[in-house]
Amino acid sequence: MRKFWNLLKKETKELINAQLIVSLIFTFFLFYLMGTLAQGEMAKAAAPQEIAVLDLDSSELSRGIMNGLSSANFKVIALTTEDRQSAIEQARESGASLLLVIPRGFGKSVLELNSMSIDTYYFIRGFSMSATSASGMVKAVIATVNNYISDTYIKERLPGVNPEELKNPVKNKDFVIVKDRIAEGSPAEVSGFILSQSTFLPIILMLIIVYSSQMVISAVAMEKENKTLETLLTVPINRNYIVVAKMFSSGIVGLVTAGIYMVGFRFYMSGFMGNVPTSGQIDTVVQKLGLAFTPQGYLVLGVSLFLAILCGLAMAIILGVLAKDLKSAQGLLMPIIFLALIPYFISLFSDFNSLSWPVKVLLWIIPFSHPFLASQNILLGNYPPVFYGIVYMFVVFAILVFLAARIFSSDQVLTMKLQLSRRSLKGIKQ
Amino acid sequence: MDAVLKVEGLKKNYGNLQALKGISFEIQKGEIFALIGPNGAGKSTALRIIATLLSPTEGKVEVLGHDLRKEPEKIREKISYLPEEAGAYRNQRGVEYLRFMANFYATEPEETKEFVKRGAQIADLGERLYDKIGTYSKGMVRKLLLARALMGKPYLAILDEPTSGLDVINSLEIRQTIREYVKEGTTVLLSSHNMLEIEFLSDRVALIDNGVILDSGTPKELKEKYGADNLEEVFRRAVI
């Protein structure tokens, strides 16, 4: 065991070099910076925005609209001019993002149910989020005014009738059923909530598989490039330990690297999404439906993730043997990236159950697909496919490790590349 | 006499290419035995098989009574191998490299320290031993690797072209080191195409060409047999 630790320590130290640390710090800082910038933009979009209003009507209704705008977090600048052109100039100079012009006779006309337009002028000074979010809010205020006017009209003409009932006489109630549980709620909201909770899982998995595999391929390729592999293979240590030490150290460094990237990525994403509180209602619905990870669920998902990573590492170590040097190692990573990308994109854009059989079989064959499928199945309490996936990944891992150990215990660790280059030479001769 | 290494009818094929066509030889304890021959003669293949890196196609290899096919791990405990084109971990310091390698052979921390101390003496790099290997010259790396190969007093040191690619001064120093440190009981199997170097170092030599051992004996015996002044001439006459 002492020899194994000696090797593991060296492998880990070899991987954690200055380039890796600098690139980690740089990427983390970049994500943090982008997140902070996005957060600033979101804060600006949420901050009270200046809106210039030229009220030519001065009616109760027009004043109501201005009050409505103030309540909707706008800082209203009331313009005193009578002329539309000079109002535009004044609004431009004041830096307001938009100008509302309420025409003369607006209040009277609307109350007589003759619709009239409020003209809105948008000053586009940039294309950031804060510059474009105001239009939606103005539309919301006008919708509220419309609602208010129609409700007032109905109340006056049809006393005793609830305007809401009249406008929407047919209503519906949504119920969501998951297995034997039922709860009142919108399926779209439930799906949206679950997806928002599991957005990070595919990204984490992708990152860990790619980083760890890259580490292990590089570890083998570096031994070849630095011409240290032959010496290492003649020291008195079980060859299987060499395979395990390389996989283990790459796994650890890959996990740490992916973890740091994920924290940075979370900063970046929270910049866009902020700490948006979830509505208590959806929480209750999700709880009622049992759509939350239990400790056992987390454990099963963890096992599934771990086995997928091990499969990636075992594949990588075999591919690493084929590498001549670090440069060629980068190309050899491609098959693993593709295998990780297929389930990643399919999980992003479609549902496994709605896929055709050939695609389903393809996904089943790829070991990295199983954690993607497992997270949804665990939430839905559908455990058998998760366990089949775990058994499948274990079998794949065992076969790959057996192959890797066989390669490292035979000439192939040194001659596989030799045979390939001989073949290519033959090809040139022909 | 105790044979440290016995090689019988050793053959190695790479596909259709026969690199070794059935070579046999023995090395006795404390001997420096050399395989000499031109590039591609099969020297490195033979050494790599004995170092447990390649498996033989046919034939038998025994190191201190351990069969190569059955007990390669036992053999690795008894030998050390210096490949022709070897490197060391560029991010490690010289002393770290020696410690890392010593840990595989030592059974306890005290023994590791002893091996590293001996390795430092053999390498003779002074304060540079504490610098990163990436900053070393080719000669310094070779000295460090030779120190690594000899520091644990292996029963059998396998040295493939120990002075390959080095200048005259570095080559002389390496040869001197091998001569000096094998006196302590290590048996050496080395290969070289530099016949003058072999004459200086070896107790016995085997002439190998095209995967076949043409002749073997002490340099003196061979020179007398072929009526030659040096091993280069011996080799030329043996080939004809």
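Worth saying up front: this structure is predicted, and the values here are computed from it rather than measured. Just so you know, the residues in each chain are numbered from 1, in the order the chain's sequence is written. Following the order in which they are written, the chains are lettered starting with A and the ligands numbered starting with 1. At least 70 in pLDDT is required for a residue's local features to be given in this predicted model, at least 80 for side-chain atom pairs to be given and counted, and no such filter applies to totals for whole chains, interfaces and linings, which use all residues. Hydrogens and water are ignored here; the side-chain numbers use all heavy atoms of the structure.

J.: If you had to explain the overall build of chain A to someone new, which residues and values would you point to?
T.: Think of it this way: any DSSP run of H or I at least four residues long counts as a helix, any run of E at least two long counts as a strand, and we number them from the N terminus. For chain A, the helix and strand inventory stands at 20 helices and 6 strands. The globule rule used for comparison is 2.2 Å times the number of residues to the exponent 0.38, while the radius of gyration itself is calculated over C-alpha atoms. For chain A, whose C-alpha radius of gyration is 32 Å, the value lies well above the compact-globule estimate of 22 Å for 430 residues. Principal-axis analysis of the C-alpha atoms gives chain A an extent of 95 × 55 × 50 Å. Taking all 430 residues of chain A together, 43% fall into the buried category. The contact criterion used is simple: two residues touch if any of their non-hydrogen atoms lie within 4.5 Å. For chain A, the proportion of contacts with a sequence separation of at least 24, taken over those separated by at least 6, is 77%. Here chain A has roughly 23,400 Å² of accessible surface; of this, 65% comes from carbon and sulfur atoms. When accessible area is computed with a 1.4 Å probe and restricted to protein chains, residues below 20% of their type maximum are described as buried, those above 50% as exposed, and intermediate ones as partly exposed. Note on areas: Shrake-Rupley, 1.4 Å probe, and residue coverage restricted to the protein chains presented here.

J.: Residues and numbers for the overall build of chain B, please.
T.: What chain B contains, in helices and strands, is 9 helices and 10 strands. In terms of overall dimensions, chain B is globule-like: its C-alpha atoms have a radius of gyration of 18 Å, near the 18 Å expected for 240 residues. Once the C-alpha set of chain B is aligned to its principal axes, its extents read approximately 50 × 40 × 35 Å. Within chain B, buried positions represent 53% of all 240 residues. Here the analysis covers contacts within chain B between residues at least 6 apart in sequence; of these, 66% occur between residues at least 24 apart. Accessible surface, chain B: about 10,600 Å² in total, of which carbon and sulfur atoms supply 45%. The charge count includes Lys and Arg as positive and Asp and Glu as negative, but it does not include His or the ends of the chains. Note on charges: their place is set at NZ of Lys, CZ of Arg, CG of Asp or CD of Glu. Within chain B, the 36 negative side-chain charges are centred at a point lying 3 Å from the centre of the 35 positive side-chain charges.

J.: Account for the packing of helix α4 (residues 109–123) of chain B against helix α5 (residues 138–151) of chain B, with residues named and values stated.
T.: Residue and element names in this part refer to chain B. For helices, the fitted axis covers only the stretch in contact; all axes are lines through C-alpha atoms, and the angles between them, taken along N-to-C directions, range from 0 to 180 degrees. Between α4 and α5, the least distance of the axes is 8 Å, while the angle of their chain directions is 140°. Our classification of the angle between α4 and α5 gives oblique. Judged by the twist between their axes, the crossing of α4 over α5 is right-handed. Taken together, the residues of α5 that come into contact with α4 (itself represented by Phe 115, Arg 118, Gly 119, Ile 122 and Ala 123) are Lys 143, Leu 144, Ala 147, Leu 150 and Met 151. If an angle is under 35 degrees, it is roughly parallel; if it is over 145, roughly antiparallel; if it lies from 65 to 115, roughly perpendicular; otherwise it is oblique. In this scheme the handedness of a crossing depends on how the near helix is turned from the far one: anticlockwise by less than a right angle means left-handed, clockwise means right-handed.

J.: So what's going on with the nonpolar core? Which residues, and what values?
T.: Generally speaking, soluble globular proteins have nonpolar side chains that are buried together. The set of buried Ala, Val, Leu, Ile, Met, Phe, Trp, Tyr and Cys residues whose side-chain atoms join them within 4.5 Å is what this entry labels a nonpolar core. Ranked by size, the top nonpolar core spans 149 residues in total, and within it Leu5(B), Phe25(B) and Leu189(B) carry the most contacts. With 15 residues, the single largest contributor to this core is helix α14 (residues 295–322) of chain A. Ignoring any residue separated from it by four or fewer positions in sequence, one finds Leu5(B) in contact with Phe25(B), Glu26(B), Ile27(B), Ile50(B), Val61(B), Glu62(B), Val63(B), Leu156(B) and Leu189(B). Residues Ile65(A), Leu98(A), Val110(A) and Val141(A) belong to the second largest nonpolar core, which totals 17 residues.

J.: Before we move on, could you go through the pattern of salt bridges and cite the residues and values that matter?
T.: Side chains that carry opposite charge are capable of pairing whenever their charged atoms lie near each other. By definition here, a salt bridge exists when the distance from a side-chain nitrogen of Lys or Arg to a carboxyl oxygen of Asp or Glu is within 4 Å. Applying the stated criterion across every chain yields a total of 25 salt bridges over all chains. One salt bridge connects Lys13(A) with Glu96(B), and the closest N-O pair in it is separated by 3.8 Å. Here Lys13(A), found in helix α1 (residues 2–15), pairs with Glu96(B), found in helix α3 (residues 94–105), and the two come from separate chains. Of the residues examined, Glu96(B) reaches a relative accessible area of 22% and is grouped as partly exposed. Where Lys11(B) meets Glu58(B), a salt bridge forms, and the shortest distance between an N and an O atom there is 3.7 Å. Note that Lys11(B) is positioned in strand β1 (residues 3–14) and Glu58(B) in strand β4 (residues 58–63), a separation of 47 residues in sequence. A residue is classified by how much of its surface remains accessible, and Lys11(B), at 27% relative accessible area, is partly exposed. It is possible to trace a salt-bridge network through shared partners that takes in Lys10(A), Glu11(A), Glu223(A) and Lys246(A).

J.: Explain the sheet that holds strand β3 (residues 98–102) of chain A residue by residue, including any values.
T.: Residues and elements named next belong to chain A. Strand order in the open sheet formed by 4 strands is β2-β1-β3-β4, and the pairing between neighbours is mixed. The open sheet is flanked by β2 (74–79) and β4 (119–122), the only strands paired with a single partner. On average, each strand axis in the sheet is inclined to that of its neighbour by 25°, with strand direction left out of account. For two strands to count as paired, DSSP must find a minimum of two bridges between them. Two elements, strand β1 (residues 49–55) and β3, share 5 bridges in a ladder whose sense is parallel. Along β3, the bridge assignment pairs Ile 51 with Leu 98.

J.: Before we move on, can you summarise α1(A) with the specific residues and values?
T.: With 14 residues, α1(A) extends 20 Å from end C-alpha to end C-alpha; this agrees with the ideal 20 Å at 1.5 Å per step. All of the buried residues in α1(A) are Phe4(A), Asn6(A), Leu7(A), Leu8(A), Lys10(A), Glu11(A), Thr12(A), Glu14(A) and Leu15(A). The length a helix should cover is 1.5 Å for every residue beyond the first.

J.: Describe the side chain of Asn170(B), and please don't skip the residues or the numbers.
T.: Residues and elements named next belong to chain B. Position of Asn 170 among the secondary structure elements: in helix α6 (residues 168–181). Look at Asn 170 and you get buried, because its relative accessible area is 16%. Residues within four places of Asn 170 in sequence aside, it is in contact with Gly 139 and Lys 143.

J.: If you had to explain the environment of Asn103(B) to someone new, which residues and values would you point to?
T.: Residue placement: Asn103(B) occurs in helix α3. Of the residues examined, Asn103(B) reaches a relative accessible area of 16% and is grouped as buried. In sequence terms Asn103(B) and Asn16(B) are 87 residues apart; their C-alpha atoms lie 40 Å from each other. Residues in contact with Asn103(B), not counting those within four places in the same chain, are Arg2(A), Lys3(A), Asn6(A) and Thr112(B). Polar contacts, as used here, are pairs of N or O atoms within 3.5 Å; protein pairs need one atom able to donate a hydrogen and one able to accept it. Residues neighboring in sequence count only if both atoms are side-chain atoms. Separated by 3.1 Å, the side chains of Asn103(B) and Arg2(A) make a polar contact.

J.: Go over the interface of chain B and chain A with me, naming the residues and quoting the values.
T.: Contacts between the two partners involve 34 residues from chain B and, on the opposite side, 28 residues from chain A. When two parts are brought into contact, each loses some accessible area as probed by a 1.4 Å sphere; the total of that loss over both is the buried area. Together chain B and chain A conceal approximately 2,800 Å² of surface at their shared face, both sides included; 52% is due to carbon and sulfur atoms. The largest contributions to the chain B side of the interface with chain A come from Leu53(B), Tyr89(B) and Phe104(B), which together make up 27% of the buried area. Where chain B touches chain A, the interface holds 4 salt bridges.

J.: Break down the pairing of strand β10 (residues 212–217) of chain B for me, with residues and values.
T.: Residue and element names in this part refer to chain B. Where strand β9 (residues 204–209) and β10 come together, 5 bridges link them in antiparallel fashion. Bridge pairing in β10 links Ile 208 to Ile 213. Where β9 hands over to β10, the hairpin turn is made up of 2 residues, of which Asn 210 adopts a positive phi near 55°.

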